[in-house]
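These are the residues of each chain, in order.
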Amino acid sequence: MTLQQLKYVIEVARSRSISKAAQNLFISQPSLSNALKELEKEMRITIFSRTNKGIMITSEGTEFLGYARQVVEQSELLENRYSNTQSPQQHFSVSAQHYAFAVSAFVRLLKEYNREEYEFTLRETRTYEIIDDVKNLRSEIGILYVNEFNSKVIHKFLREGDLKFYELFEAKPHVFISSSNPLVKRDYVTLNDLLPYPYLSYEQGDYNSFYFSEEILSTLSRPKNIRVSDRATLFNLLIGLNGYTISTGVISQELNHDIIAVPLKVDERITVGYITHKNVTNSTLANIYIDYLKETIAQEKSKL
């Protein structure tokens, strides 16, 4: 087993394709395939299963990748410490529900990451896809919420994917509304107060179950409903139509100064956390990002 083989495995897992990985590694596809087969034979495991839909990481491959990433990361730290060669391009990926604090922490990570080259990914996406991204190592960190209603279903999927949930904070529900909305001066609003206004929520695609909804109280019937796929569209409609959405109340005023959080009077709690794979040790970048998440959340909560 060589360090180069470990780098090959990591790149194939990241690219989800042997041909794309070969292009990124500047080697031929047959050479890459042979290197992977030799490694699997030596380790006596199957790291990747080849299907008609492409490359899939096996359960034993997932565990192997966790160790491989640690070895490669430590090797790069050693090289950077004792050589004058240019640092290799770093990769880091996060999948999250549509939370401004996740973006703010990501921005801070990028600003303070002093490298000439890197490839970072932030996916604001659907709940099921967040779980699937971390399960299949497309993302190192996933950010989502659980509450009394969806907890059993979400944790079932996390267990099946060998994922672990870590709480970031618990919040009382708030509505996000425009600063020009007539309700903005209220100390709190009720569900009846919101009936005249359009309700905005994030669509969940093929997994459009109430349990995967990004908003609590998803089973309630509302007269006016609008589903969107991205945060910018939701906020534009929220402002343009005097609509509302339900969230944690934690919002970056620097990024969303026209949006106001008002407490919603319901007997509910929202627990927001991050998920990681049980068989993968956090990278240095992941640990830094988690620290920034916690600091950003604490700053924004202090303004509520």
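Right above here is the structure, for reference.
Residues numbered from 1 in each chain as written. Predicted model: local features only at pLDDT ≥ 70, side-chain atom pairs only at ≥ 80, totals over all residues. Heavy atoms only, no water.

Peer 1: Give me the lowdown on helix α3 (residues 29-43), citing residues and values where you can.
Peer 2: Taking 1.5 Å of rise per residue, the 15 residues of α3 would be expected to cover 21 Å, and the 21 Å separating its terminal C-alpha atoms lies within 8% of that figure. Buried residues of α3: L32, S33, A35, L36, L39 and E40, and no others. Down the axis of α3, the sector holding all buried residues measures 160°, keeping them to one side. In α3, the exposed positions that point more than 90 degrees away from the buried face belong to P30, K37, E38 and K41. (Helix = DSSP H or I, 4+ residues; strand = E, 2+ residues; numbered from the N terminus. Expected span 1.5 Å × (residues − 1). Buried < 20%, exposed > 50% of the residue type's maximum accessible area, 1.4 Å probe, protein only. Arc of directions from axis to C-beta.)

Peer 1: Tell me about the side chain of T58, and name the residues and values.
Peer 2: The topology assignment puts T58 in the loop between β2 (54-57) and α4 (59-82). Of note is the side chain of T58, whose polar atom sits 2.4 Å from the backbone oxygen of T46. Setting aside chain neighbours within four positions, we find T58 in contact with T46, I47, F48 and S49. (Polar contact = N/O pair within 3.5 Å; in protein donor to acceptor, adjacent residues only side chain to side chain. Contact = heavy atoms within 4.5 Å.)

Peer 1: Requested: an account of the packing of helix α1 (residues 3-15) against α3, with residues and values cited.
Peer 2: Look at α1 against α3: their axes get within 10 Å of each other, and the N-to-C directions meet at 110°. By the angle between their directions, the pair α1 and α3 is classed as roughly perpendicular. Like other packed secondary-structure pairs, α1 and α3 cross with a definite hand, here left-handed. Facing Q5, Y8, V9 and V12 of α1, the residues of α3 in contact are L32, A35, L36, E38, L39 and E42. When the residues that make up the contact of α1 with α3 are grouped by side-chain class, the tally is seven nonpolar, one polar and two charged. (Axes fitted to C-alpha atoms, helices over the stretch in contact; angles between N-to-C directions. Parallel < 35°, antiparallel > 145°, perpendicular 65-115°, else oblique. Left-handed = near helix turned anticlockwise from the far one by under 90°. Nonpolar A, V, L, I, M, F, W, Y, C, P; charged D, E, K, R; others polar.)

Peer 1: Let's hear about the pattern of salt bridges: which residues, and what values?
Peer 2: Considering all chains together, one arrives at 13 salt bridges under this definition. Across the salt bridge formed by E112 and R108, the nearest N and O atoms sit 3.2 Å from each other. Taken together, the residues E112 and R108, both in helix α5 (residues 100-112) and four residues apart, mark about one turn of the helix. When the shortest N-O distance is used, the salt bridge between E124 and R231 registers 3.0 Å. Taken together, the residues E124 in strand β4 (residues 118-124) and R231 in helix α9 (residues 231-241) connect sequence positions 107 residues apart. Its relative accessible area of 27% is what places E124 among the partly exposed residues. Through salt bridges that share partners, R123, R126, E129, D132, D133, R138 and E203 make up one connected network. (Salt bridge = Lys/Arg side-chain N within 4 Å of Asp/Glu carboxyl O.)

Peer 1: Help me get a handle on the nonpolar core, residues and values and all.
Peer 2: Core analysis: the largest hydrophobic core is formed by 41 residues, its most contacted members being F92, F101, I141, I143, V175 and Y289. Counting residues per element, the ones that place at least two in this core are β3 (90-96), α5, β5 (141-146), β6 (163-171), β7 (174-178), β10 (244-247), β12 (270-277) and α10 (284-301). Looking at which element gives the most residues to this core, the answer is α10, with seven residues. Formed by 24 residues, the second largest nonpolar core is a distinct cluster that contains V9, A35, F64 and V280. (Core = buried A, V, L, I, M, F, W, Y, C linked by side-chain atoms within 4.5 Å.)

Peer 1: Quick one: what's the story with the pairing of strand β8 (residues 199-202), residue by residue and with numbers?
Peer 2: Burial of β8 is two-sided: the residues Y199 and S201 facing one way and the residues L200 and Y202 facing the other way are all buried. Here β8 runs beside strand β9 (residues 225-228); their pairing, made up of four bridges, is parallel. Paired with Y199 across the strands is N225, a residue of β9. (Pairing = 2+ DSSP bridges.)

Peer 1: Which residues make up a nonpolar patch on the surface, and what are the values?
Peer 2: There is a patch of nonpolar side chains on the surface, built from F149, F210 and Y211 and spanning about 290 Å² of accessible area. Along the chain, the position of F149 falls in the loop between β5 and α7 (151-160). Its relative accessible area of 37% is what places F149 among the partly exposed residues. (Patch = residues over 30% accessible without salt bridge, like charges linked within 9 Å, V, L, I, M, F, W, Y side chains within 5 Å. Areas by Shrake-Rupley, 256 points an atom, 1.4 Å probe, with all protein chains shown as cover.)

Peer 1: An account of the pairing of β3 is requested, with residue identities and associated values reported.
Peer 2: Burial runs high along β3: six of the seven residues are buried. By the bridge criterion, seven bridges tie β3 to β4 in an arrangement that is parallel. Bridge pairing in β4 links S93 to T121. Sheet analysis places β3 next to β5, joined by three bridges and oriented parallel. The residue of β5 that forms the bridge with V94 is I141.

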